[in-house]
Amino acid sequence: MKVDVVLGLQWGDEGKGKIVDVLTPKYDVVARFQGGPNAGHSLEFGGNKYVLNTIPSGIFHEHCINIIGNGVVVDPVQLKKEIEKAETTGVNIRKNLYISEKAHVILPTHRLVDAASEAYKGVHKVGSTLRGISPTYQDKIGRSGLRIGDLIGKNFLSKYQTAVSNHKKLLDSLNYEYNLAEHEPAFFEAVEYLKQFKIVNSEYFVNQLISDGKKVLAEGAQGTLLDIDFGSYPFVTSSNTITGGACSGLGIAPQKINKVFGIFKAYCTRVGNGPFPTEQENETGELLRKLGHEFGATTGRPRRTGWLDLPGLKYAIMLNGVTDLICTKSDVLSGFEEVQVCDSYKIGSDISSQIPFDLLDETVIPQYKSFPGWKEDLTKIREYSQLPETFKTYIDYVEKQIEVPINIISVGPDREETIHKN
Ligand code: IMP
């Protein structure tokens, strides 16, 4: 039995939450392998909308084991809030949620350091979600982080104090004003609260589940173009968002990976700063944002919008070894007179379909191919054959360019609004 992976191929917000939720009935286990509460995975069913930040998207399925893997960074305060909210739906979180003892903990001071360093960078800021992600991963790599297992260990308080005193030095050096006392009570309360959950050695646990023949889905967060190594550095998140991240973020060997579901939106969006070659800072971009409700699920920030970028998509498919493609938010393009796709970049006098070293330093001019739009509302369609011919021409072109079959087309946020193509 092997592990399938599902992840985003763009700058995040590709609609992963919904797709994991659609795929989950086929799996016994859903495991998050990186990122933290910077993610916002939206799920809609039965007329209600839920946003998950740290909890894996399989939690609303009664039969499904959900694991927060070692590669994830966990904010106890956020997780407590999230659990309490999810529990109002009647779902049994205590039974189905497992947290890796090796996942790193986001401390209140990590969030303060995140805010302080972004403020210090001024116009050069990354545009982080201010959830403390980067400082927590910095401490992990710097070998001074606290892990979930430490919360139940007897040296927790002294480890906490050491970390906090380091962070205070940093905050002072950045001249950042803060009041830690405002944040600590909620943090310690949440730490106590989390102790009632299953804190496990998740690498043994997940490998045992695999040996027992259970079907495991590894759930990525953010997107490939935000990967710490391959994204548009330094405008990236601080973890490996690609398939390789599932191995290190869960403790599973590479040969255990089977299918890789790559999710892409029929157009592109990006939150925060950084290069975005196909960005439309015009009426088209406004319309994409309006029709696609492109506002951050976690921060509420308006997302930047633009046309589909095939060089970026091909790069992501290569890095991840994508076997199955899933196109989301196709319905949003209904009503555009014309739909464009960038199939290469002009860089100087060269035409290239590769991503250059630094997208910001180059004068990258996207080369577009234009398609006639379609007027039909796609949200009620459930069969591929019933989709407008103009839409199929667009999808056929994309599929030919990227050389991987598109298996699922999502035509709306609800579980039901899904077309299985092949
Ligand atoms: P951080 O991960 O909060 O440090 O943010 C780094 C960059 O990644 C910023 O540009 C964020 O807007 C972006 N980012 C982080 N998480 C997400 C996500 O889940 N969706 C989209 N963008 C994200």
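Going by the structure above, here's the rest.
Residues numbered from 1 in each chain as written. Predicted model: local features only at pLDDT ≥ 70, side-chain atom pairs only at ≥ 80, totals over all residues. Heavy atoms only, no water.

Chemist: Explain the overall build of the protein chain to me, using residue names and the numbers behind them.
Modeler: Across its full length, the protein chain holds 13 helices and 20 strands. The C-alpha extent of the protein chain, read off along each of the three principal axes, is 65 × 50 × 40 Å. For the protein chain, buried positions account for 57% of its 422 residues. For the protein chain, the proportion of contacts with a sequence separation of at least 24, taken over those separated by at least 6, is 76%. With the model as given, the accessible surface of the protein chain reaches about 17800 Å², and the carbon-plus-sulfur share is 51%. Taken together, the 47 basic and 52 acidic charged side chains of the protein chain have centroids lying 4 Å from each other. (Helix = DSSP H or I, 4+ residues; strand = E, 2+ residues; numbered from the N terminus. Buried < 20%, exposed > 50% of the residue type's maximum accessible area, 1.4 Å probe, protein only. Contact = heavy atoms within 4.5 Å. Areas by Shrake-Rupley, 256 points an atom, 1.4 Å probe, with all protein chains shown as cover. Lys, Arg positive; Asp, Glu negative; His and termini not counted. Charge placed at Lys NZ, Arg CZ, Asp CG, Glu CD.)

Chemist: Outline the packing of helix α7 (residues 156-173) against helix α8 (residues 184-194), listing residues and values.
Modeler: At their nearest, the axes of α7 and α8 sit 14 Å apart, and the two run at 145° to each other. Crossing angle aside, the handedness with which α7 passes α8 is right-handed. For the pair formed by α7 and α8, the contact residues are Phe 156, Leu 157 and Tyr 160 on the first element and Glu 184, Phe 187, Phe 188 and Val 191 on the second. Counted by class, the contact of α7 with α8 contains six nonpolar, no polar and one charged residues. (Axes fitted to C-alpha atoms, helices over the stretch in contact; angles between N-to-C directions. Left-handed = near helix turned anticlockwise from the far one by under 90°. Nonpolar A, V, L, I, M, F, W, Y, C, P; charged D, E, K, R; others polar.)

Chemist: How would you explain unusual backbone geometry if you had to name every residue and give the values?
Modeler: For residues besides glycine, phi is generally negative; the peptide bonds are generally trans as well. Of note, the bond from Tyr 233 into Pro 234 is cis; its omega dihedral lies within 30 degrees of zero at 5°. Of note, Asn 175 is a non-glycine position whose phi angle comes to about 55°, a positive value. Inspection of the secondary structure puts Asn 175 in the loop between α7 and α8. Residues other than glycine seldom take positive phi values, yet His 293 does so here, at roughly 45°.

Chemist: Residue-level account of the environment of Ile 317, with values.
Modeler: Note on placement: Ile 317 falls in helix α12 (residues 310-320). For the pair formed by Ile 317 and Ile 402, sequence separation is 85 residues and the distance between their alpha carbons is 8.0 Å. Those residues within four positions of Ile 317 in sequence are excluded, and the remaining contacts are Leu 9, Val 322, Leu 325, Ile 402 and Val 404.

Chemist: Hey, could you go over the site of the ligand for me, with residue numbers and the actual values?
Modeler: Close to the ligand lie 17 residues, the nearest being Asp 13, Asn 38, Thr 129, Thr 237 and Arg 301. Contacts to the ligand include Asp 13, whose side-chain N or O atom sits 3.2 Å from a nitrogen atom. In the environment of the ligand, an oxygen atom lies 3.1 Å from a nitrogen or oxygen atom belonging to the backbone of Val 271. Here the ligand, which alone exposes 470 Å², has 97% of that area covered by the protein. Looking at the shell around the ligand residue by residue, the classes come out as seven nonpolar, eight polar and two charged. (Near = heavy atom within 4 Å. Polar contact = N/O pair within 3.5 Å; in protein donor to acceptor, adjacent residues only side chain to side chain.)

Chemist: Tell me about the sheet that holds strand β10 (residues 216-219), and please be specific about residues and values.
Modeler: Pairing within the open sheet is mixed, and its 10 strands lie in the order β9-β7-β5-β2-β10-β1-β11-β15-β19-β20. The outermost strands of the open sheet, each flanked by one partner alone, are β9 (198-200) and β20 (418-420). Averaged over all pairs of adjacent strands, the angle between strand axes in this sheet comes to 20°, irrespective of strand direction. Sheet topology places strand β2 (residues 29-32) next to β10; four bridges connect them, and they run parallel. Each bridged residue has a counterpart across the sheet, and for Arg 32 the counterpart in β10 is Glu 219. Running over the sheet, helix α13 (residues 389-402) touches β11 (257-265), β15 (324-328) and β19 (406-410) and is turned about 140° from β19. (Pairing = 2+ DSSP bridges.)

Chemist: Please set out the packing of α12 against α13 residue by residue, giving values where relevant.
Modeler: Interhelical geometry of α12 versus α13 gives an angle of 50° and a closest axis separation of 10 Å. By the angle class used here, α12 and α13 are oblique. Crossing geometry of α12 relative to α13 is assigned as right-handed. In this structure, α12 contributes Leu 310, Leu 313, Lys 314 and Ile 317 to the contact, and α13 contributes Tyr 397, Val 398, Gln 401 and Ile 402. (Parallel < 35°, antiparallel > 145°, perpendicular 65-115°, else oblique.)

Chemist: Before we move on, can you summarise α12 with the specific residues and values?
Modeler: Three or more residues of α12 are buried, namely Leu 310, Pro 311, Gly 312, Leu 313, Ala 316, Ile 317 and Asn 320. Its side-chain oxygen placed 3.0 Å from the backbone nitrogen of Gly 312, Asp 309 serves as the N-cap of α12.

Chemist: Any chance you could break down the pattern of salt bridges for me, citing the residues and the numbers?
Modeler: Tallying each qualifying case throughout the model produces 20 salt bridges. Of the charged contacts, one joins Lys 95 and Glu 62 as a salt bridge, the two residues approaching to 3.6 Å between their closest N and O atoms. In this pair, Lys 95 is assigned in helix α3 (residues 93-96) and Glu 62 in the loop between β4 (48-52) and β5 (65-68), connecting sequence segments 33 residues apart. Among the charged side chains, a network of salt bridges with common partners joins Asp 13, Lys 265, Glu 294, Arg 303 and Lys 329. (Salt bridge = Lys/Arg side-chain N within 4 Å of Asp/Glu carboxyl O.)

Chemist: Which residues make up the side chain of Gln 10, and what values do they have?
Modeler: As for its position among the elements, Gln 10 is in the loop between β1 (3-8) and α1 (16-23). According to the relative accessible area criterion, Gln 10 is buried, its value standing at 4%. With residues near it in sequence (within four places) discarded, Gln 10 still touches Gly 223, Thr 224, Leu 225, Leu 226, Phe 264, Lys 265, Tyr 267, Cys 268 and Leu 308.

Chemist: Mind laying out the packing of aromatic side chains, listing which residues take part and the relevant values?
Modeler: Evaluation of the coordinates by the stated rule reveals 15 aromatic pairs. Ring centres of Phe 156 and Tyr 160 lie 6.2 Å apart, and the angle between their planes is 50°; on these two criteria the pair is classed as tilted. Of this pair, Phe 156 and Tyr 160 both sit in helix α7, four residues apart, which is roughly one turn of the helix. This pair shows no difference in class: Phe 156 is buried, exactly as Tyr 160 is. On the basis of an interplanar angle of 20° and a centroid distance of 5.5 Å, the ring pair of Tyr 160 and Phe 187 is categorised as stacked. Of this pair, Tyr 160 sits in helix α7 while Phe 187 is found in helix α8, placing the two residues 27 residues apart along the sequence. The burial state of Tyr 160 is the same as that of Phe 187; both residues are buried. (Phe/Tyr/Trp six-rings, centres within 6.5 Å; stacked < 30°, edge-to-face > 60°.)

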